[in-house]
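What the coordinates show
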Amino acid sequence: MSTQDLGVAAVLVGLGGWLPPRTVDNHELSRRLDTSDEWIRTRTGIASRHVVDPDLSTVDMAVEAGARALRSAAATGGSGPGDGADGAAGEAVDAVVLATATPDHPCPASAPQVASRLGLGGAAAFDVNAVCSGFVYALATATGLIAAGAARRVLLVGADAFTTLLDPADRGTVPIFGDGAGAMVLRAGTAGEPGAVGPFDLHSDGELADLLIVPAGGTRCPTSDDPRDRYFSMQGPAVFRHATARMAESSRAVLDRAGWTPGDVDRFVGHQANLRILQTTAKSLGLPADCLVTNIEHTGNTSAASIPLAMADAVADGTLCAGDRVLMTAFGAGLTWGSALLRWPRLTLAE
Ligand code: UT7
């Protein structure tokens, strides 16, 4: 039986994003790599990205984005169970789910530190690693916690410091990725109300794990004499083909599940991996160009953070409005991919 059949749903009530202060534009990259602003813009749609300095970690970014989402939930107000009369939404959070492939440490998970630093110590807290699909996977996980009655209010954060995994000399990856965090607050509600998330469509293919991989540092290969094995490697063109095909396939599946057609979609918020991937996927779904939500030009690919960051920017500039029917889709290392729908609620952002 699905969440929708039960009538229990996770409902979006708060949203926030945070980017590290340091920006690196294409011109700066082209001074140290064999690349150009023109190549990066044309092939990816990226002009600049935000990058962590050594004193900033994934947990630090997750705390900033999480705090903004909690303040957004408080500002959005008491629209459902768990909202305190004083708007102190943070006090009622009983689970923190962190989507990340770049935790502060290999062990333990980073979510408990995020929870404690936000004053949510005692809440359930754990990480979900589905790399660039992490946010959609963690959204499904948070929805499951709510549907199971294990939580009434969940803070969901997608945060990655992906630039820390990159070989600084690799022009195939350095121009693509940036760092950042995005977060949502979800509360228990009913499937028909604005902000209710679902249905979902999730998949994986571990046989293609080598297409995007950090070869060393795990139990298969704890250390390596080749320093390149510590870095993220990506077979870009093959990944491009899989990303466009899988995101379109999964989008169609989730639309079918909801009884929607592509014509019902007002906003398409795909994982911000490459503007051409987003455009190709939107086109193959038959979505009009103006329904594409993108902020990749100034963020690059922020992995698990990209969808909530794009949403926060779109709310801020008025592109994403209450009542909009939203299609989310993502693809990443694993391979993993998945999609979800929601009807956008009335939402107030907060600094
Ligand atoms: O988040 C999910 C995971 N990641 C992705 O979804 C990324 C998927 N892949 C991509 O976005 C694209 O494949 C890239 C942006 C990584 C690469 O773009 P592409 O259009 O697939 O380029 P390519 O690798 O096929 O290379 C085309 C040409 C080659 O030169 P020749 O052989 O045609 O002379 C490359 O050597 O561009 C060259 N090239 C570059 N030139 C300047 C590759 N990287 C660069 C670069 N600057 N940074």
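I will try to describe carefully the structure that is included in this document.

The next point concerns the pattern of salt bridges. Applying the stated rule across the entire model yields 13 salt bridges. Of the charged contacts in the structure, one is a salt bridge between Asp266 and Arg325, with a shortest N-O distance of 3.2 Å. With Asp266 in the loop between helix H7 (236-258) and strand E11 (267-270) and Arg325 in strand E12 (residues 325-332), this residue pair connects regions lying 59 residues apart in the sequence. Three or more residues joined by partner-sharing salt bridges are found here, namely Asp37, Arg41 and Glu297.

Time to look at helix H10 (residues 306-316). Counting buried positions along H10 gives nine out of eleven residues, so the element sits mostly inside the fold. Along H10, the residues classified as buried are Ser306, Ile307, Pro308, Leu309, Ala310, Met311, Ala312, Ala314 and Val315. Residues of H10 that are buried make contact with strand E1 (8-18), helix H6 (134-147), strand E7 (180-190), E11, E12 and strand E13 (336-343). Just downstream of H10 lies Gly318, where phi reads positive at about 85 degrees.

Let's shift gears to the packing of H7 against helix H8 (residues 275-285). Axis separation between H7 and H8 bottoms out at 9 Å; the angle between their running directions is 40 degrees. Here H7 is positioned oblique relative to H8, judged by the angle of their axes. In terms of crossing hand, the pair formed by H7 and H8 is right-handed. Together, Phe240, Ala243, Thr244, Met247, Ala248, Ser251 and Arg252 of H7 and Arg276, Ile277, Thr280, Thr281, Ser284 and Leu285 of H8 make up the contact between the two elements.

Time to look at the site of the ligand. Taken together, the neighbourhood of the ligand is formed by 22 residues, with Thr35, Arg171, Asn274, Arg276 and Asn301 sitting nearest. Arg43 has a polar side-chain atom sitting 3.0 Å from an oxygen atom of the ligand. Here Gly236 contributes a backbone N or O atom positioned 3.1 Å from a nitrogen atom of the ligand. Protein chains shield 71% of the accessible area of the ligand, which is 950 Å² for the free molecule. With respect to the pocket detection grid, the ligand is positioned in the second largest pocket. Only helix H3 (37-44), H7 and H8 provide two or more residues apiece to the shell around the ligand.

What follows is about the pairing of strand E6 (residues 153-160). Burial analysis of E6 places eight of its eight residues in the buried class, which makes it a mostly covered element. Residues Arg153, Leu155, Val157 and Ala159 of E6 are buried on one face, and the alternating residues Val154, Leu156, Gly158 and Asp160, pointing to the opposite face, are buried as well. Where strand E4 (residues 95-99) meets E6, five bridges bridge the pair, whose relative direction is parallel. Paired with Ala95 across the strands is Val154, a residue of E6.

So, on to unusual backbone geometry. With an omega of 0 degrees, the peptide bond running from Gly198 to Pro199 counts as cis. The residue Pro199 is located in strand E8 (residues 197-204) in this model. The residue after Gly334, namely Leu335, is reached through a cis peptide bond having omega -10 degrees. Assignment of secondary structure puts Leu335 in the loop between E12 and E13. Unlike most non-glycine residues, Val131 shows phi in positive territory, near 50 degrees. For Ser303, which is not a glycine, the phi torsion comes out positive at approximately 55 degrees. Residue position: Ser303 is located in the loop between helix H9 (296-299) and H10.

Counting buried positions along E4 gives five out of five residues, so the element sits mostly inside the fold. Burial of the side chains of E4 extends over both faces: Ala95, Val97 and Ala99 are buried on one face and Val96 and Leu98 on the other. Taken together, the five bridges between E4 and strand E5 (residues 124-128) define a ladder with parallel strand orientation. Note that in E5 the partner of Ala95 across the bridge is Ala124. Once you follow E4 into helix H5 (residues 111-117) and on to E5, the crossover reads as right-handed.

What follows concerns the environment of Cys321. If you trace the backbone, Cys321 turns up in the loop between H10 and E12. Overall, the relative accessible area of 36% leaves Cys321 in the partly exposed class. Put simply, Cys321 and Ile146 are 175 residues apart on the chain and 25 Å apart in space, counted from C-alpha to C-alpha.

Calculation criteria
Residues numbered from 1 in each chain as written. Predicted model: local features only at pLDDT ≥ 70, side-chain atom pairs only at ≥ 80, totals over all residues. Heavy atoms only, no water. Salt bridge = Lys/Arg side-chain N within 4 Å of Asp/Glu carboxyl O. Helix = DSSP H or I, 4+ residues; strand = E, 2+ residues; numbered from the N terminus. Buried < 20%, exposed > 50% of the residue type's maximum accessible area, 1.4 Å probe, protein only. Contact = heavy atoms within 4.5 Å. Axes fitted to C-alpha atoms, helices over the stretch in contact; angles between N-to-C directions. Parallel < 35°, antiparallel > 145°, perpendicular 65-115°, else oblique. Left-handed = near helix turned anticlockwise from the far one by under 90°. Near = heavy atom within 4 Å. Polar contact = N/O pair within 3.5 Å; in protein donor to acceptor, adjacent residues only side chain to side chain. Areas by Shrake-Rupley, 256 points an atom, 1.4 Å probe, with all protein chains shown as cover. 1 Å grid on protein atoms, 1.4 Å probe; cavity = no way out; pocket = protein on both sides within 12 Å on 5 of 7 lines; lining within 4 Å. Sits in = over half its atoms within 2 Å of the grid points. Pairing = 2+ DSSP bridges. Right-handed = clockwise from strand over helix to strand, strands pointing away.

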